[in-house]
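What follows is each chain in one-letter form.
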Amino acid sequence: MAETPSLLSYYRGAAFNPLGIDLSDPAKLAAHRAKREHLYQTLLGLPLGWLRGKEVLEVGPASGENALVFAMMGANLTLVEPNEHTRPRIEALFDHFGVRDRIRELSASTIDAFRCDRSFDLVVAEGFVDTLADRERAIARLCELASPGGVVSVTRHEAVGMLAEFVKKAVYARASASLAEEERLAVAESLFAEDYARIPASRGFRTWWKDNLDSPVVNEWLLWPFEEMLAAFHAGGCSYHASHPNYVERDTLRWYKDVPSAEERERAVLDGYVRRAASWVLAGPLFERDDAPIEARREVVSAFRAFVAALARWTRQPVAPAPSPDAIEGLDRRLGLQFAPRAASLVRELTALLATLDAGTRESIVEQYRASSTLRSVWGSHYHYVCFRREA
């Protein structure tokens, strides 16, 4: 890419709040809190009761609905939010729920400019790290801000799991080309709103559309390989702690006194990532059998990464020809495996859809996508939460 778009500039220019979760009644607050507690406690292994009285830094909290849950658990919050369109919402939200006193500082800095003489038990940076031009520098700064033994929690966009996301973006790009904003939204609603309503999303459809389908920042730059992120955290003195989806199955049969070396732990994380990656395409099994050797699994990762990156590049300039799906279409045969029925259906529908993107009208593209029942039902597992622990 010639230039990396700035997520902050996009949000500011659009006066846009990327979070905007409705907490207008107790039931909605309880549902949101349950989701965040499930994420951190059950899936990432960080009991939120541990946060009482602890120092928490969240960089990029947007309008603060996620940070609110930390406040309700008794954490002392430092919030770094450079988007002037969302900071007033943070103050109003915390006032409304009577936890304004949990905010130690609300800073308008960016992560690069933020200065603080404290360190933090938990550092949270969701939704933006892999959009930055200098990701390694940002990660080094996050690690610096964590206390020894503290945790840094970030998100990442997983290329293998983003197949469905970029298929949607490709269809939208062709079907909404040259239209005004509200017309583009209407096209998106005609294509995706019915299916979006079926998933337990926290954000409304318009927010999702603006932050994904219509965003120039959602492009191939996001597809930062996990091994490069892991190396950046290691350079900052942090090691992998947990993730969702889980990259590593804990060896429950290994005696706890048999402590693996740092090299063994890193290899287990990277191999675990590769072994599980195929399941992220569908958020379910890609092949009939799950016994492929690690070398075959690496080829699966490489093939999907390459195709998704090509599709992502195409969405920025959606002109014919669309990327060929050949590398994916014949992947099972090359590896001596067999696609699961749902995966085989997805590949067939993808091939037909890409042909329509090449030569079809706006109407035929919409019709082809709406007839693609498997593609429509797939959202993939593309937005991953990863926690790293700073070495004591």
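Everything that follows concerns the structure shown earlier in this document.
Residues numbered from 1 in each chain as written. Predicted model: local features only at pLDDT ≥ 70, side-chain atom pairs only at ≥ 80, totals over all residues. Heavy atoms only, no water.

Attention now goes to the nonpolar core. With 101 residues, the main nonpolar core has Phe226, Leu286 and Phe388 as its most contacted residues. Counting residues per element, this core draws most heavily on helix H11 (residues 294-316), at 12 residues. Within the second largest apolar cluster, 31 residues are counted, among which are Leu19, Ile21, Leu23 and Phe94. (Core = buried A, V, L, I, M, F, W, Y, C linked by side-chain atoms within 4.5 Å. Buried < 20%, exposed > 50% of the residue type's maximum accessible area, 1.4 Å probe, protein only. Helix = DSSP H or I, 4+ residues; strand = E, 2+ residues; numbered from the N terminus.)

This paragraph deals with the pattern of salt bridges. Counted under the stated rule, the structure contains 29 salt bridges. A salt bridge links Arg376 to Glu194; the shortest N-O distance between them is 3.8 Å. Of this pair, Arg376 sits in helix H16 (residues 373-377) while Glu194 sits in helix H7 (residues 181-196), and the two are 182 residues apart along the sequence. Given a relative accessible area of 12%, Arg376 falls into the buried group. Overall, Glu194 belongs to the partly exposed group, its relative accessible area being 41%. We note a salt bridge from Glu264 to Arg254, for which the minimum N-O separation is 3.9 Å. (Salt bridge = Lys/Arg side-chain N within 4 Å of Asp/Glu carboxyl O.)

The next subject is the pairing of strand E3 (residues 103-107). Along a regular strand, successive side chains alternate from one face of the sheet to the other. Note that strand E2 (residues 76-80) and E3 share 4 bridges and pair parallel. Bridge pairing in E3 links Leu79 to Leu106. What joins E2 to E3 is helix H4 (residues 87-96), and the crossover it makes is right-handed. (Pairing = 2+ DSSP bridges. Right-handed = clockwise from strand over helix to strand, strands pointing away.)

A separate point is the sheet that holds strand E4 (residues 120-125). Pairing between the strands of a sheet comes from backbone hydrogen bonds, and it takes one of two forms, parallel or antiparallel. Taken together, the 7 strands give an open sheet; going across it, the order is E3-E2-E1-E4-E5-E7-E6, and neighbouring strands pair in mixed fashion. The open sheet has two free edges, formed respectively by E3 and strand E6 (238-244), since each of these has just one partner strand. The average angle at which neighbouring strand axes cross in this sheet is 15 degrees, direction not considered. Running at roughly 125 degrees to E6, helix H2 (residues 26-43) makes contact with E4, strand E5 (146-157), E6 and strand E7 (383-390) of the sheet. Each of E5, E6 and E7 touches helix H9 (residues 226-235); the most contacted strand, E5, lies at about 160 degrees to it. (Axes fitted to C-alpha atoms, helices over the stretch in contact; angles between N-to-C directions. Contact = heavy atoms within 4.5 Å.)

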